[in-house]
Every structure is written in C-alpha cells, then in structure tokens.
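So the chains spell out like this:
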Amino acid sequence: MESALLSTAPTATSTSSSLLKRRGTCLPPLNAPSYISFSRNYVKCWGFSLSFRKPRKCKVFNCNVKVEDEACELVNGVELSIGDGVDNIDAYLCNAVKNNNGTGILLLSDIFGFEDSSTRDFAYRVACNGYNVLVPDMFRGNPWRKDEPQALFDQWLGSVDKQQVVRDIFTSTKWMANEFVAAGISNKFGVIGFCFGGGLLIDILAQDQGSQFGVGISFYGTRIDLSIASKIEVPLLLIAGDNDPLCPVNVLKEVENNANGCKMVVFEGRGHGFAHRPQSLEDDKDAEEAFLMMRNWLHDGLLSEN
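The following paragraphs examine the structure supplied in this document. (Residues numbered from 1 in each chain as written. Predicted model: local features only at pLDDT ≥ 70, side-chain atom pairs only at ≥ 80, totals over all residues. Heavy atoms only, no water.)

## A word on the overall build of the protein chain
On a plain count of helices and strands, the protein chain comes out with eight helices and 14 strands. Put simply, the protein chain shows about 13000 Å² of open surface, and 48% of that area lies on carbon and sulfur atoms. (Helix = DSSP H or I, 4+ residues; strand = E, 2+ residues; numbered from the N terminus. Areas by Shrake-Rupley, 256 points an atom, 1.4 Å probe, with all protein chains shown as cover.)

## Thoughts on the pattern of salt bridges
Inspection of every chain in the model, using the stated rule, returns ten salt bridges. Two residues, Arg120 and Glu79, come together in a salt bridge whose shortest N-O distance is 2.9 Å. Remark: Glu79 occurs in strand 7 (residues 75–82) and Arg120 occurs in helix 3 (residues 117–128); sequence separation between them is 41 residues. Look at Arg120 and you get buried, because its relative accessible area is 9%. For Glu79, a relative accessible area of 29% puts it in the partly exposed group. Three or more residues joined by partner-sharing salt bridges are found here, namely Asp110, Asp116, Lys146 and Arg277. (Salt bridge = Lys/Arg side-chain N within 4 Å of Asp/Glu carboxyl O. Buried < 20%, exposed > 50% of the residue type's maximum accessible area, 1.4 Å probe, protein only.)

## Describing the pairing of strand 10 (residues 132–136)
Judged by how many residues are buried, strand 10 sits mostly within the fold: five of five residues are covered. Both faces of strand 10 are covered, namely the face carrying Asn132, Leu134 and Pro136 and the face carrying Val133 and Val135. With five bridges connecting them, strand 8 (residues 89–96) and strand 10 associate as antiparallel partners. Within the sheet, the bridge partner assigned to Tyr92 lies in strand 10 and is Val135. Where the polypeptide runs from strand 9 (residues 104–108) across helix 3 and back to strand 10, its parallel neighbour, the crossover connection is right-handed. (Pairing = 2+ DSSP bridges. Right-handed = clockwise from strand over helix to strand, strands pointing away.)

## With respect to the packing of helix 3 against helix 8 (residues 281–303)
In a packed pair of helices, the relevant descriptors are the angle between the two axes and the axis-to-axis distance. One can describe the packing of helix 3 onto helix 8 by two numbers: an axis separation of 12 Å at closest approach and a directional angle of 50°. Considered as vectors, helix 3 and helix 8 are oriented oblique to each other. Between helix 3 and helix 8 the crossing geometry is right-handed. Seen from helix 3, the contacting residues are Phe122, Arg125 and Val126; seen from helix 8, they are Glu288, Phe291 and Met294. Among the residues making up the contact of helix 3 with helix 8, the classes are represented as four nonpolar, no polar and two charged. (Axes fitted to C-alpha atoms, helices over the stretch in contact; angles between N-to-C directions. Parallel < 35°, antiparallel > 145°, perpendicular 65-115°, else oblique. Left-handed = near helix turned anticlockwise from the far one by under 90°. Contact = heavy atoms within 4.5 Å. Nonpolar A, V, L, I, M, F, W, Y, C, P; charged D, E, K, R; others polar.)

## Comments concerning the packing of helix 5 (residues 162–182) against helix 6 (residues 196–208)
Running from N to C, helix 5 and helix 6 cross one another at 65°; their axes reach a closest spacing of 11 Å. Between helix 5 and helix 6, the interaxial angle falls into the category roughly perpendicular. In the crossing of helix 5 with helix 6, the sense of the turn from one axis to the other is right-handed. Residue-level inspection shows Lys162, Val165, Val166, Ile169 and Phe170 of helix 5 in contact with helix 6, the latter providing Phe196, Leu200, Asp203, Ile204, Gln207 and Asp208.

## With respect to the packing of aromatic side chains
Within this structure, the stated rule accounts for 16 aromatic pairs. Ring centres of Phe139 and Phe196 lie 5.2 Å apart, and the angle between their planes is 50°; this geometry places the pair in the tilted category. Taken together, the residues Phe139 in the loop between strand 10 and helix 4 (153–159) and Phe196 in helix 6 connect sequence positions 57 residues apart. Taking the relative accessible area as the measure of exposure, Phe196 reaches 8% and is therefore buried. Here the aromatic residues Phe122, Phe194, Phe219, Tyr220, Phe267, Phe274 and Phe291 are joined through ring pairs into a cluster of three or more. Just above the ring of Phe112 sits the side chain of Lys146; from NZ or CZ to the centre is 5.2 Å. (Phe/Tyr/Trp six-rings, centres within 6.5 Å; stacked < 30°, edge-to-face > 60°. Lys NZ or Arg CZ within 6 Å of the ring centre and 35° of its normal.)

## Describing the environment of Asp137
Within the element layout of this structure, Asp137 appears in the loop between strand 10 and helix 4. Not counting chain neighbours up to four residues away, the residues in contact with Asp137 comprise Asp90, Ala91 and Phe114. Of note is the side chain of Asp137, whose polar atom sits 2.7 Å from the backbone nitrogen of Gly141. (Polar contact = N/O pair within 3.5 Å; in protein donor to acceptor, adjacent residues only side chain to side chain.)

Given below as structure tokens:
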C-alpha cells in the first residue's frame, strides 16, 4: 500500500528537511512567517493582480539561495478558496515575485494532501524558478494522515471519489485559466504529480488532450490507467525508482510506448517518494537530478515556445 512506504515520511524538522535545504530548496524560515491581510478584493503578488471573491492572507518568504546560478527570488504564498457551490475547494498558490516567467503550474499532491510540508516545500522550489504554482486540496480536507492506523488505509482510499477528485482538478484548471489569462499569464499550463497525484495526472492529460496543459511530469505515479495513455497529446516525463513496488517500471514502460512524446527516467536503487521526500544522501542526490530534469522539461515544453 502507498501508506506502507509513506507513513514514515520525514516531517519538516527531520533529516530530510536539512537535506532539502542543503540542495537549495526554498523553504520557509524556521521562525513563523508574518501574515499580511488584504482588505481589498485582489492580491498583487507578482506584478499581476488576481481578483478573489473574499479577502485573503498572503504568506511571504524570502529565499536567498541560488538554483544553478539563478537567484531564488521572494516567493509569495496565498491560501485560496476557488470554485462555487459544490465545486468549491481550497487551494494554495505560491509564485515568484521577481523574474516571474508568467507560466502557471498545477501541482497534484500525494495521499498526504495539499497542506503537507513536503508538497509545499516542493511547490516553493518550483516557484523559486519563476513559476506560479497552484496546489489544490484534492481530498477536500480529508487526506491520509500519518498517525492513522495502517489497517484503515484501504477504507480511507475507498472513500476517495476519484471522479470528484478529477472534477476538482479541472475546477482548479478552470480557475487558473480564468485568473491567469486575465492577469496576462499564458493559458498553457504545466502539471506535476506525485504518487496518487502522479497517477491521476495520466487521467487529466488524457482528458485534456492539450487543451489547457502543454506539458506534464509524473513522479512515481500509482494506479495508472494504461488504457488511456494513448490519448495523451503533450510531452510527458515519467520519473521513478527501480525499487518502488507502488510504481512498477513495466507499467511506466507501457505508458511510454503508448503516449505521444513520452520519456521515462528510472533511478537505480531509489524507492517511492525519493524526489520530494528524500530520506538519505543517495536519495537527495538523485532528487536533485530529478528536479533539474523536471525543470528542463517545463522550460522546453512551456517557455521555449513563448
């Protein structure tokens, strides 16, 4: 089960966090950030104004590290409520304030949800490279929790309505299209997914067929539907380890063979979650390489054409 490997995932104060800091990840400072309240109905976070229906709070972090000689600029984080009525969900948006490249990224979390520190750390780092990263609450406030008994995992997973999750992802995509285009940001987005989200990414790209998304990166996706891989119309990068029973290499190979413009990269000896939850120096080294591959894939698929 997914939780069998991930239930011991390190927290933000563990060794993994120090490894992430060592390789230049944009993490929040140890002291709690201040909150800036906005009384008006818009937030201007990167030189563009995004309109919101309600006042928001914006967390601001200053990242002073470098990623391949590119300064990691100030990054804003904003808690959002998007969609209307039954389609309303929470989400988190973070973006580079300076040197923003005007491109939106949708980040689909693993089973631990959009508030998990490892997922948000990764979103910060992507934003540090100039992107606007939206992380939706795919589980509507009910992700798998690390302190839950292992015996309850199958019951929890059975309670997740996959079709509702897919609808919520497209609600998030519609919000990105409406808000980002109005703000002058391009309407071709990238999508990144881990684990549960990495598997759903295949469904999303197959349904979207290049309408909104221009590129995708799936990290060790689980429960992949091979029957729809041939419907994917945009460049897709698959990243996994060869020591991951939750994401068999032979399944990824089938996706690579059937999806147009698909590339698979397998890291020897790496297990599930190594790219965003590294637990050793070896994981950390390969996580850095995987991140750079992802960054180049995003650039080639989204920015080089602009």
